[in-house]
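# Observations on the three-dimensional arrangement
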Amino acid sequence: MNKIMVLGTASGVGKSTVATALCRYYRNKGFKVAPFKALNISLNSYVTEDGLEMGRAQVVQAEACELKPMAYMNPVLLKPSGNNKTQVIVNGKVHSMMNSYKYKELNKELKKVVKETFDKFSKDYEVMILEGSGSCAEINLRETDIANMSMAKSADADVILVADIDRGGVFASVVGTLMLLEENERKRVKGVIINKFRGNVDYFKDAMTQLEEIINIPVLGVLPYFKLDIEDEDSVTERIKNNKIEDLDIAIIRLPHMSNFTDFNSLEILDGVSVRYVENISDISEPDLVIIPGTKNTINDLRVIKKNGLFNKIIELKNKGTMILGICGGYQMLGDNIMDTQGVEGEIITEEGFGFLSIDTIFNNEKITQQTKGYIKNSCDVLSKCVGINVYGYEIHNGITKVKDKGQVFIENEHGHIQGSFKDNVLGTYLHGIFDEGDFLNTFINSLRINKGINILDKELIDYKQYKLNQYDELAKLFEENINLNRIFNM
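Quick look at the structure, then. (Residues numbered from 1 in each chain as written. Predicted model: local features only at pLDDT ≥ 70, side-chain atom pairs only at ≥ 80, totals over all residues. Heavy atoms only, no water.)

Residues in a regular strand project their side chains so that they alternate between the two faces of the sheet. Across the six residues of strand S15 (residues 273-278), six count as buried, placing the element largely inside the fold. Burial of the side chains of S15 extends over both faces: Val273, Val275 and Tyr277 are buried on one face and Ser274, Arg276 and Val278 on the other. Where strand S13 (residues 248-253) meets S15, six bridges bridge the pair, whose relative direction is parallel. What sits directly across from isoleucine 253, in S15, is valine 278. (Buried < 20%, exposed > 50% of the residue type's maximum accessible area, 1.4 Å probe, protein only. Helix = DSSP H or I, 4+ residues; strand = E, 2+ residues; numbered from the N terminus. Pairing = 2+ DSSP bridges.)

In structure tokens, the structure reads:
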């Protein structure tokens, strides 16, 4: 079995993208290949077919391998919840709520789980593409390292080191990282990739030679700065910086503990649609649709938007007729009351919501994680053409929501359970990923266009699944054109 591990000089250098490129490259070459990341720290998660939770980065990589995402591809997921608390997910299930400062005590147990998981499932594949986390040279974290060199040693994997030239200091970051590794760790590094290069690479070749002479490790190539649409792992992303307004303007409230912002990636690629993430009143303007997304701390984030004025601004927009959509935690906020009688999110408290929807939510300790199929049962006049359309998605939430007016059911699942409600121009649902299916997405967007008085598009807007596969192929092609794959292939 060939095992290649992608490590980075820092967070955000492009490890996930390089790992995805390798997954797609080997898949296109006919190999049975799978991704693996020992530990993710992210609020951006996904639920598998068997109801287990995992990080989104490995979902992307599994798609590039044309595999169903499985929790064993990411055995440990840490979800910061605020107040120095972190939810620990182990092999897809909630293990514990941990004080962030007590991670060291849990570390040995997690290392054992990671090794056992990797050893068990990697046997089924010809190639394993492993990804590290953050910087691989944090000397103060060496003892508790799970996802970087500790994993490379455990898996006996060769390492590719990725560095980002766009942020500056790329030579120092590569040399410094290698200097801080122990000798047996440095020997594992078989190549370096320089990522996010802008300009003519021919003028950089002398510098690459100089770097190779200093580190005595080959530079495998330079990846140009590119604009392919590959999902980001967490909020270190350029997506949230978009302020461009087009025909249809969608404003997403950027909550402090926002989770699963990948719910909106399919919206961002549509012609004539702008998706903006807003944090204050001055940025929100007069959008056609306001979305309140999921959050890892619903009550805290509700209090934040009450304090910064966004709460009252959303009420003002709703009263003007603006469409309002809440997903998961955002859905809970749209109701009358949120009751945390067991202190699931911290203190025992009841917080009033917007009061737009006739629902109450009571938190409990049981976390719901499942994939869901349903259909649009009823809706407001603007979205009347959506009624009857099948929808698909996944749920990740604490809390049971009681819909007090059964005439306001928005989405019902295949078992007759209510998955969302509506009233007038306000809708809410627990379904993450609801926009990833073309039928609902196309009808939803065109209905908003009609409501605004602009022309609908006379063709299907997007087949998002095929779109993503095309993006993975483009990434693999870019990788082949710029990286010495013979050296990687012969590792």
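The rest of the description comes next.
Ordered by their spatial adjacency, four strands build an open sheet running S3-S6-S7-S8, and the pairing between neighbours is mixed. Of all strands in the sheet, those bounded by a partner on one side alone are strand S3 (39-41) and strand S8 (93-99). Pairwise comparison of adjacent strand axes, ignoring direction, gives a mean angle of 25 degrees for this sheet. In this structure, strand S6 (residues 76-82) lies alongside strand S7 (residues 85-90), joined through six bridges in antiparallel fashion. Across the sheet, residue lysine 79 finds its bridge partner in S7, namely glutamine 87. Contacts from helix H3 (residues 103-121) reach S3, S6, S7 and S8 within the one sheet, and its direction differs from that of S8 by about 155 degrees. (Axes fitted to C-alpha atoms, helices over the stretch in contact; angles between N-to-C directions. Contact = heavy atoms within 4.5 Å.)

Counting 62 residues, the largest nonpolar core has Ile253, Leu267 and Phe354 as the members making the most contacts within it. For isoleucine 253, the contacting residues outside a window of four places in its chain are Met258, Val278, Ile284, Val290, Ile291, Ile292, Pro293, Ile305, Leu310 and Ile314. Of all hydrophobic cores here, the second largest spans 58 residues; its members include Val59, Leu106, Tyr125 and Met151. (Core = buried A, V, L, I, M, F, W, Y, C linked by side-chain atoms within 4.5 Å.)

Let's shift gears to the pattern of salt bridges. For the structure shown, the criterion picks out 36 salt bridges. The salt bridge involving arginine 56 is made with glutamate 231; its shortest N-O contact spans 2.9 Å. In this pair, arginine 56 sits in helix H2 (residues 56-64) while glutamate 231 sits in the loop between strand S12 (219-224) and S13, placing the two residues 175 residues apart along the sequence. The exposure classification of arginine 56 matches that of glutamate 231, with both residues buried. Where arginine 303 meets glutamate 351, a salt bridge forms, and the shortest distance between an N and an O atom there is 3.2 Å. Here the residue arginine 303 occupies a position in helix H10 (residues 298-307), and glutamate 351 occupies one in strand S20 (residues 349-352), the gap between them amounting to 48 residues. On the basis of relative accessible area, arginine 303 is assigned to the partly exposed category, the value being 31%. What you see here is one network of salt bridges that share partners, running through Arg24, Arg27, Glu66 and Asp473. (Salt bridge = Lys/Arg side-chain N within 4 Å of Asp/Glu carboxyl O.)

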